[in-house]
Amino acid sequence: MEKMEREKIIKRLKRIEGQVRGIQSMVENERACPDILLEISAIKSALDSVGRILTKDYTYDCLRDFSSTGNEKLESLLKAIFKYR
């Protein structure tokens, strides 16, 4: 993974971490359920976005190495995709 891509993912994960803390605070302060559910939805979407970036990066990595590793790398890619989804 390239340095810029890694930094982008870390930045997104830190933002997600802040959102999770925000939800914790919302629950502690007895905020309305619809507000909390909206935040949960936003976090799920953000995590999916990070997952897509990682899946794309790993796919390219596997395809680059496919000629030298054959089915082993492809099987690893497929397992990762199926676990994620």
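Just above sits the structure.
About the criteria used
- Residues numbered from 1 in each chain as written.
- Predicted model: local features only at pLDDT ≥ 70, side-chain atom pairs only at ≥ 80, totals over all residues.
- Heavy atoms only, no water.
- Helix = DSSP H or I, 4+ residues; strand = E, 2+ residues; numbered from the N terminus.
- Rg over C-alpha atoms; globule rule 2.2 N^0.38 Å.
- Buried < 20%, exposed > 50% of the residue type's maximum accessible area, 1.4 Å probe, protein only.
- Contact = heavy atoms within 4.5 Å.
- Lys, Arg positive; Asp, Glu negative; His and termini not counted.
- Charge placed at Lys NZ, Arg CZ, Asp CG, Glu CD.
- Core = buried A, V, L, I, M, F, W, Y, C linked by side-chain atoms within 4.5 Å.
- 1 Å grid on protein atoms, 1.4 Å probe; cavity = no way out; pocket = protein on both sides within 12 Å on 5 of 7 lines; lining within 4 Å.
- Points joined across faces, edges and corners; volume = space filled by probe spheres on them.
- Salt bridge = Lys/Arg side-chain N within 4 Å of Asp/Glu carboxyl O.

Novice: An account of the overall build of the chain is needed here, citing residue identities and associated values.
Specialist: Across its full length, the chain holds three helices and zero strands. Overall, the chain shows an N-to-C arrangement of helices and strands of α-α-α. The C-alpha radius of gyration of the chain comes to 17 Å, more than 25% above the 12 Å expected for a compact globule of 85 residues. In the chain, buried positions account for 15% of the 85 residues. Pairs at least 24 residues apart make up 54% of the contacts formed inside the chain by residues separated by at least 6 positions. Here the chain holds 17 positive side-chain charges and 14 negative ones, and the gap between their average locations is 3 Å.

Novice: Residue-level account of the nonpolar core, with values.
Specialist: Within the largest apolar cluster, eight residues are counted, these being Ile9, Ile16, Ile23, Met26, Ile36, Ile43, Val50 and Ile53. Look past the residues within four positions of Met26 in its chain and what remains in contact with it is Arg31, Asp35, Ile36 and Glu39.

Novice: Could you give an account of unusual backbone geometry, with specific residues and numbers?
Specialist: Although it is not a glycine, Glu30 sits at a positive phi angle of roughly 55°. Looking at where Glu30 falls in the secondary structure, it is placed in the loop between helix H1 (3–28) and helix H2 (33–69).

Novice: Any chance you could break down the layout of surface pockets for me, citing the residues and the numbers?
Specialist: When its volume is computed, the largest pocket comes out at roughly 180 Å³. Lining of the largest pocket is provided by Met1, Glu2, Glu5, Ile53, Lys56, Asp57, Tyr60, Asp61 and Arg64. If you tally residues by element for the lining of the largest pocket, the top one is H2, at six residues.

Novice: Talk me through the pattern of salt bridges; I want residue IDs and the actual numbers.
Specialist: Within this structure, the stated rule accounts for two salt bridges. Among the salt bridges present, the one from Arg31 reaches Asp35, with a minimum N-O distance of 3.5 Å. Relative accessible area serves as the criterion here: at 44%, Arg31 is assigned to the partly exposed category.

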